[in-house]
Amino acid sequence: MDKTDQLYAHLRPTASRPLLGLTVLVVEDSRFACDAMRLLCLRSGARIRRADCIASAKRHLKVYRPSAVIIDLGLPDGSGAELIAELAAAVPRVDVILGTSGDSFGEEVALAAGADGFLAKPIASVGAFQQAVLKVLPAERHPPGPRVVCRDAVDPDPVAYRDDMAHAADILEATDGSTVDYVAQFLSGVARSAGDDMLYSAAISLTEARKRREPGMPELAQVTALVQDRLAQRAAI
């Protein structure tokens, strides 16, 4: 933990910034989803650090111990559930471990792995984010007295969505079976969070074709075309 983290840890939460004093490590490969987390933490008073894969998260955890870790279940170098299980069994244990995913089965997987709670994507509001963390945070870290629940939504930077499209395009250029599965999962989660219904449906169709062991070439071509279309736009959303 560096000097800034030590200073942060001594800050006390308030009614308007109920997560003040917390350092949150977000393990998330989507820049768009991570920007949403950044805004949620900023509005809540928490300090955020980001890792885009399991290996990066483990490097972070060797240097400092965050107050909370929020782990996406679909990561480029493995399942987020495996990292959740590892952190849940660690001694000393991180105070709060939350799983996050846009998949309908995500909560069951995260909790079975040992997570304290779950954040469904897209996160509905600042208040929903705060409540999910406070629900499993030790009582001594809660703000004193009553507080007004903030129902505001956050608006991530569209440039971050375009960065995600560029990342997906790079993967699609030289893809094999395993990376097709990853990019379909990645794009379905990002598109759902961004409200991009057309890309979301195409990514889900690709996932279903893969599950049926079909070659998936029409679905893959459609996803690739949609990604390129979004990259050609100055504003991706």
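From a predicted model like this one, the values you see are computed outputs, not experimental measurements.

### Quick word on the pattern of salt bridges
Phase 1 of the analysis: Tallied over the full model, the rule gives nine salt bridges.
Phase 2 of the analysis: Its salt-bridge partner being Lys121, residue Glu28 comes within 2.7 Å of it at the nearest N-O pair. You can see Glu28 sitting in the loop between strand S1 (23-27) and helix H2 (31-44) and its partner Lys121 sitting in the loop between strand S7 (117-120) and helix H6 (126-134), a full 93 residues away along the chain. Take Glu28 and Lys121: they sit in the same class, and that class is buried.
Phase 3 of the analysis: For Arg230, the salt bridge is made with Asp229, and the minimal N-O distance between the two is 3.4 Å.
Phase 4 of the analysis: Overall, the relative accessible area of 8% leaves Arg230 in the buried class.
Phase 5 of the analysis: Ionic contacts of the salt-bridge type, sharing partners, join the residues Glu28, Asp72 and Lys121 into one network.

### Thoughts on unusual backbone geometry
Phase 1 of the analysis: Between Val91 and Pro92 the backbone carries a cis peptide bond, its omega angle lying at 0°.
Phase 2 of the analysis: Looking at the secondary structure, you find Pro92 in the loop between helix H4 (80-89) and strand S6 (96-101).
Phase 3 of the analysis: Cis geometry marks the peptide bond from Lys121 to Pro122; its omega dihedral reads -10°.
Phase 4 of the analysis: Inspection of the secondary structure assignment puts Pro122 in the loop between S7 and H6.

### Things to note about the sheet that holds S1
Phase 1 of the analysis: The strand order across the open sheet built from five strands is S2-S1-S3-S6-S7, with neighbouring strands paired in parallel fashion. In the strand order of this sheet, the two ends are held by strand S2 (47-51) and S7, each with one partner. With strand direction ignored, the average angle separating the axes of adjacent strands in the sheet is 25°.
Phase 2 of the analysis: One ladder, built from five bridges, connects strand S3 (residues 68-72) with S6; its direction is parallel.

### Structural notes on the packing of aromatic side chains
Phase 1 of the analysis: Applying the stated criterion across every chain, the model contains two aromatic pairs.
Phase 2 of the analysis: Ring centres of Phe32 and Tyr161 lie 5.4 Å apart, and the angle between their planes is 75°; on these two criteria the pair is classed as edge-to-face. Remark: Tyr161 occurs in helix H7 (residues 158-173) and Phe32 occurs in helix H2; sequence separation between them is 129 residues. Side by side, Phe32 and Tyr161 carry an identical accessibility label, which is buried.
Phase 3 of the analysis: We note Arg49 situated over the ring of Tyr64; from NZ or CZ to the ring centre the distance is 4.5 Å.

### Some details on H6
In an α-helix, one turn spans 3.6 residues, which is why side chains three or four residues apart end up on the same side.
Phase 1 of the analysis: Along H6, seven of the nine residues are buried, which leaves the element largely enclosed by surrounding structure.
Phase 2 of the analysis: Among the structural elements, H2, S3, S6 and S7 are those in contact with the buried residues of H6.

### Overview of the pairing of S2
Phase 1 of the analysis: Pairing between S1 and S2: five bridges, direction parallel. Each bridged residue has a counterpart across the sheet, and for Leu25 the counterpart in S2 is Arg49.
Phase 2 of the analysis: For the crossover that starts at S1, traverses H2 and ends in the parallel S2, the hand is right-handed.

### Describing the pairing of S1
Phase 1 of the analysis: By the criterion of burial, S1 is predominantly enclosed, with five of the five residues buried.
Phase 2 of the analysis: Covered by surrounding structure in S1 are Thr23, Leu25 and Val27 together with Val24 and Val26, the residues of both alternating faces.
Phase 3 of the analysis: Pairing of S1 with S3, which is carried by four bridges, proceeds in the parallel orientation. Across the sheet, residue Val27 finds its bridge partner in S3, namely Ile71.

### Digging into the nonpolar core
Phase 1 of the analysis: Core analysis: the biggest nonpolar cluster contains 26 residues, and Tyr161, Met165, Leu187, Leu199, Val223 and Val227 have the highest contact counts within it.
Phase 2 of the analysis: At the level of secondary structure, the elements contributing two or more residues to this core comprise H7, helix H8 (177-194), helix H9 (197-211) and helix H10 (217-232).
Phase 3 of the analysis: Examining the composition of this core, we find that nine residues originate from one element, H8, more than from any other.
Phase 4 of the analysis: What Leu199 contacts, discounting residues up to four positions off in sequence, is Tyr161, Met165, Leu187, Ala191, Val223, Leu226, Val227 and Arg230.
Phase 5 of the analysis: Among the nonpolar cores identified, the runner-up in size contains 21 residues, and Val24, Val26, Cys34 and Phe129 belong to it.

Rules and cut-offs
- Residues numbered from 1 in each chain as written.
- Predicted model: local features only at pLDDT ≥ 70, side-chain atom pairs only at ≥ 80, totals over all residues.
- Heavy atoms only, no water.
- Salt bridge = Lys/Arg side-chain N within 4 Å of Asp/Glu carboxyl O.
- Helix = DSSP H or I, 4+ residues; strand = E, 2+ residues; numbered from the N terminus.
- Buried < 20%, exposed > 50% of the residue type's maximum accessible area, 1.4 Å probe, protein only.
- Pairing = 2+ DSSP bridges.
- Axes fitted to C-alpha atoms, helices over the stretch in contact; angles between N-to-C directions.
- Phe/Tyr/Trp six-rings, centres within 6.5 Å; stacked < 30°, edge-to-face > 60°.
- Lys NZ or Arg CZ within 6 Å of the ring centre and 35° of its normal.
- Contact = heavy atoms within 4.5 Å.
- Right-handed = clockwise from strand over helix to strand, strands pointing away.
- Core = buried A, V, L, I, M, F, W, Y, C linked by side-chain atoms within 4.5 Å.

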